[in-house]
Structure formats: C-alpha cells, structure tokens
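# Close look at the chain arrangement
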Amino acid sequence: MHVFLNGKFVPKEEASVSVFDHGLLYGDGIFEGIRLYNSCVFKLEEHLERLELSAKAILLDLPMSRSELADAVCETCRQNGLTDGYIRLLVTRGVGHLGLSPKGCETPSVIIIADKIQLYPKEYYEDGLKIITVPTRRINPAALPPMVKSLNYLNNILAKIEAQQAGYLEAIMLNDEGYVAECTGDNIFLVYKGRIITTPTSAGALRGITRDVAIAIADELGLPLDANNLTRYDLWNADECFLTGTAAEIIPVVEVDGRKVGEGKPGPVTRSFLEKFRAKVSVEGKML
Ligand code: PMP
C-alpha cells in the first residue's frame, strides 16, 4: 500500500508523521472519510467542500486547492489499484512547538490513505442493528460545532466504548438537553407515519454527506422530511429507524434501548432507501 503524504506517495511502512505534529499532540486537524465504488469516488466534491468548511472554521489554511486534493485522492486510489474502498483524507495543523498555539505550525500536513473497509458485518444490513443510548453526551455545539469534522473524536470514542461494554456495536448519543444528537459515527433517521425525521445539526449532529444523500432520496421517494429535535421516546415508537454514514452506508436499526422498532425487522421504507442508495454510489461522484 502507498500513502499520499505531503505530495509524495510513500510505502505504508514509511508513512509517518512527526511527534510534534499538532494533529497528534492536540487532535488539531480535520478529516474526511470517503468511499470509492466501482472506480467512482462517491460525492467527492461534497466531501472536499465540507473539508474546506471545517478548515475555515478552525482557521487552517489548506495547502492544496480543491482540484489538487481531488486529483490526489484519485491518484491515491489508482496507485493502490483500488476500484472499491475507503479513503481517509486528513489535514493536520502540522509540526510545531509543544504549546497549544498553532502559531509555530508552518505547514499543514496532508495525508491520504486508501484501503478496504467493512464497518458492520453483512448480516446486519439484512437483519438490522440493535443500538443503545449511552451516558456520554455529545459535546455542546456551542463548545465545538458538530459540523467541524475534526481529528478529535474522544467524545465519540467514549460513547463507542460504552456501547461495546454493553454488548452493542453502535451507540445513540444525546446532547446536553437530552435530545438525540447522532450515533458515534453515523447520523440517525426515523420513519413515523410516512414522514422521515432526522436530527438537526443544532442538536449536535454532523452534517453527514450520507445524511444529505438520504434527504435527497426522501425527496425522490416523495416522502416528507423534517430535521427536528428527537427524544428517545420518538426512537422507541418509530415505525422504522436507520443510520447513515460513509462507512456504514444506510443500515437498518431494529432495536433501540431494548425496544423493538416497528416489527423488529428492517421495514419497507428503509429497504427502498437502501435500494436507491446503492443505485447512486457508482454514479454520483468523480470517476478515477
Ligand atoms: N456523525 C459522525 C460523528 C461521523 O463521524 C460521521 C462520519 N463517519 C457521520 C455522522 C456520518 O457522516 P458521513 O455520512 O459524511 O460519513
């Protein structure tokens, strides 16, 4: 495997960064997780736009233009002979001093890794996932806007550990008002009486690229969609529930906090979202 590291392709074993990089010292940096389907980098423009917005939000000057980044992403896939996979694009603040201030960090580091991924075992896409609410709350959007896809995932990692300790693969995170924010690496949707509802970014949800795809699918299916504050009660009493994320794609949820969702199996609306999603992935993006 070859990794793109600041303009060069280096073998995986040699792809290393300085211990003085603020990405390592402070989680000071941003990233995107992107999928490659059938030689098509799905929603590449949208990912690069979100990266730019994250960069602006944390006052980080990207050292490469959007088209340079797009070319580098595609070239990383080509160099690794991939037609399907998962791409991790990171920009760290760069090498600096030990203090918090990014002033001494002269050049951000750009890293692109392209590899294979299977987040959840295949059977969960057929049978659905069981999820649980965990105690760790999502960081207040006023403290760290959830729209910034930063390298600092400790909040979500703690929630993931809590889910795993309880024997579950994914966790629902509430915000500090007690409303549903999102899952540790996925956005959450429910279906209730023919309406599709997801949580708003103001509740602590990342503006997921797959969330936007699901919103477009709702429109194509002629289903009304709202981004509303949701309580756990709303999830427990939903007809259907599903998660969206680049790695997870669209995955049905059949149990929340020990309550069966609907019939306890993936419902027809979720199935039609999945079908539409699959039809889009190798078309709506940049071909290698
Ligand atoms: N929420 C969080 C916290 C995430 O890290 C992610 C990405 N894994 C998502 C939602 C889903 O976003 P996307 O569809 O852009 O992958």
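Residues numbered from 1 in each chain as written. Predicted model: local features only at pLDDT ≥ 70, side-chain atom pairs only at ≥ 80, totals over all residues. Heavy atoms only, no water.

## Quick look at helix α2 (residues 44-57)
When the terminal C-alpha atoms of α2 are compared, their 20 Å separation across 14 residues agrees well with the 20 Å that a helix rising 1.5 Å per residue should span. The complete set of buried residues in α2 reads L44, H47, L48, R50, L51, S54 and A55. Projection of α2 onto a plane perpendicular to its axis shows the buried side chains occupying an angular sector of 160°, all on one side. Within α2, the exposed residues directed more than 90 degrees away from the buried face are L53 and K56. In this fold, the buried residues of α2 make contact with β3 (29-37), β4 (40-42), α3 (66-79), β5 (85-92), α6 (209-220) and β16 (285-287). L59 sits one or two positions beyond α2 and adopts a positive phi of about 55°. (Helix = DSSP H or I, 4+ residues; strand = E, 2+ residues; numbered from the N terminus. Expected span 1.5 Å × (residues − 1). Buried < 20%, exposed > 50% of the residue type's maximum accessible area, 1.4 Å probe, protein only. Arc of directions from axis to C-beta. Contact = heavy atoms within 4.5 Å.)

## Topic: the domain arrangement of the protein
Each domain of the protein was delimited in the assignment, giving domain 1 (2-115) and domain 2 (122-280). Between the C-alpha centres of domain 1 and domain 2 there is a distance of 26 Å. Across the contact, 24 residues belong to domain 1 and 17 residues belong to domain 2. Taking both sides of the interface into account, the surface hidden between domain 1 and domain 2 amounts to around 1500 Å²; carbon and sulfur atoms contribute 67%. (Domains from an automatic or database assignment. Buried area = accessible area lost by both parts, 1.4 Å probe.)

## Comments concerning the site of the ligand
Of all residues adjacent to the ligand, which total 16 residues, the nearest are Y153, E182, I209, T210 and T246. Take E182: an N or O atom from its side chain is 2.6 Å from a nitrogen atom of the ligand. In this structure, T246 approaches the ligand through a side-chain N or O atom, which is 2.6 Å from an oxygen atom. Here the ligand loses 94% of its free accessible area of 390 Å² to cover by the protein chains. At the level of elements, α6 and β13 (240-245) are the ones that each hand at least two residues to the shell around the ligand. (Near = heavy atom within 4 Å. Polar contact = N/O pair within 3.5 Å; in protein donor to acceptor, adjacent residues only side chain to side chain. Areas by Shrake-Rupley, 256 points an atom, 1.4 Å probe, with all protein chains shown as cover.)

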